[in-house]
Amino acid sequence: MCETLLGTKISDTTSVDKYIENVDTLGFFYINRLVQPWYTVDFLYKTTSYYLKEQSLIRDLHNFTEEIIRKRQADLNKTVNNEKHNRIMLDILLDKVNKGNIDEKRVRDDVNTFLFESFDTTATTLIFMIVRLANESAIQKLIHEELETIFDNTDRDLTIEDLSKMKYLECCIKESLRLYPSVPFISRYITEDLTIAGYIIPKNTYYNIHIYDLHHDPDLYSDPEKFIPERFLPENSVKRHPYAYIPFSAGSRNCLGQKFAMMAMKTVLAGILRKYRLEPVTRIEDLNFMTDVILRVSHPLCVRFCLKTPVF
């Protein structure tokens, strides 16, 4: 992730583990504040130990991010012809800083966004997808067949062109994101009065959109608890309201990395399913969700990986 988008390889696994732990803890603080209304008052919240710990965690996260930015800037300074090398996202942001278009804080915030919203959300989606496929043997078989057709029963390396051919696998990923959106709810700040279903939501209000509930609404999806990838075939989704399915949000503030995330998930899943057949250990009915910023369960999720018999 860091090498692809940020151009920096992080060899210190301890600092990465600490970063992930800090992000998880901040998520807990956010949910804790959300469910206790008195903590939404800044004056009261700043008197608590949560606030002091939160500020300490944010400083640590910023230090980690700023170190990535410094390393990339140092690498760019060593490059003789910066314009001729293959530029990545962070290079473009740093170039805008040098031109005075944005400030360094904006770069840090953008890098934080890619770090926050990539490793955890993508991993969460893959985990739920793998568990669900293990419980859906017929659907898993169709994916195996698609992959065998694409790779012609060989063990050759995957290419970008292969990813575009994984139509059914993409439908499966989308259906998994419908059932298990990695970000189960989002918030938006409303700057003008908004009327929904006859109710007026006043301006200057934070409005929570519960993506998980939306995706399980029987008025939008028949048999909403069933895993039906065919929902996302073009002929079945063309008439669906564009905001009925929003695992990456939608509109001007949708997820910047959704295309990258889809490519990454296809790559990982194709690599697994070309070699393994998945068998269930954790059953779908045993999933016990818990409140968090990221969709999580309160227990380990287990799957049995069985080597497929090679045919090449």
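Preceding block: the structure.
Residues numbered from 1 in each chain as written. Predicted model: local features only at pLDDT ≥ 70, side-chain atom pairs only at ≥ 80, totals over all residues. Heavy atoms only, no water.

Asker: Looking at this model, I keep getting lost on the environment of asparagine 63. Mind explaining?
Answerer: Mapping asparagine 63 onto the fold places it in helix H4 (residues 49-78). Note: C-alpha distance between asparagine 63 and alanine 264 (201 residues apart in sequence) is 27 Å. (Helix = DSSP H or I, 4+ residues; strand = E, 2+ residues; numbered from the N terminus.)

Asker: Honestly, unusual backbone geometry in this entry has me stumped. Any pointers?
Answerer: Trans peptide bonds make up most of the peptide bonds, and negative phi angles are found at most residues other than glycine. Unlike most non-glycine residues, asparagine 153 shows phi in positive territory, near 55°. By the element assignment, asparagine 153 lies in the loop between helix H7 (137-151) and helix H8 (160-165). Look at asparagine 153 and you get partly exposed, because its relative accessible area is 34%. Of note, the phi angle at serine 249 is positive, near 65°, even though the residue is not glycine. Turning to its location among the elements, serine 249 is positioned in the loop between helix H11 (234-237) and helix H12 (258-273). We classify serine 249 as buried; its relative accessible area is 16%. (Buried < 20%, exposed > 50% of the residue type's maximum accessible area, 1.4 Å probe, protein only.)

Asker: I would appreciate a short explanation of helix H9 (residues 167-179) in the present structure.
Answerer: Two residues of an α-helix separated by three or four positions point the same way, owing to the 3.6 residues in each turn. Taking 1.5 Å of rise per residue, the 13 residues of H9 would be expected to cover 18 Å, and the 19 Å separating its terminal C-alpha atoms lies within 8% of that figure. Along H9, 10 of the 13 residues are buried, which leaves the element largely enclosed by surrounding structure. (Expected span 1.5 Å × (residues − 1).)

Asker: Teacher, can you tell me more about the nonpolar core here?
Answerer: A general tendency of soluble globular proteins is for nonpolar side chains to be buried together. By size, the foremost hydrophobic cluster in this structure holds 38 residues, and its most contacted members are Leu133, Ile143, Met166 and Ile173. Within the residue set of this core, elements represented by two or more residues are helix H6 (104-134), H7, H9 and H12. Setting aside residues no more than four positions away along its own chain, leucine 133 makes contact with Ile139, Gln140, Ile143, Phe227, Leu273 and Leu278. With 22 residues, the next largest nonpolar core counts Leu57, Ile69, Met89 and Leu115 among its residues. (Core = buried A, V, L, I, M, F, W, Y, C linked by side-chain atoms within 4.5 Å. Contact = heavy atoms within 4.5 Å.)

Asker: Where do I start with a nonpolar patch on the surface in this structure?
Answerer: On the surface, Trp38, Val41, Phe43 and Leu44 cluster together into a nonpolar patch covering about 440 Å² of accessible area. Its location among the elements puts phenylalanine 43 in helix H3 (residues 42-45). Residue classification places phenylalanine 43 among the exposed positions, given a relative accessible area of 65%. (Patch = residues over 30% accessible without salt bridge, like charges linked within 9 Å, V, L, I, M, F, W, Y side chains within 5 Å. Areas by Shrake-Rupley, 256 points an atom, 1.4 Å probe, with all protein chains shown as cover. Salt bridge = Lys/Arg side-chain N within 4 Å of Asp/Glu carboxyl O.)

Asker: So what exactly am I meant to see when it comes to the side chain of asparagine 112 here?
Answerer: Summarising the element assignment, asparagine 112 is placed in helix H6. Only 3.3 Å separates the side chain of asparagine 112 from the side chain of histidine 62, close enough to count as a polar contact. Ignoring sequence-local partners within four residues, the contact set of asparagine 112 consists of Tyr19, Leu61, His62 and Thr65. (Polar contact = N/O pair within 3.5 Å; in protein donor to acceptor, adjacent residues only side chain to side chain.)

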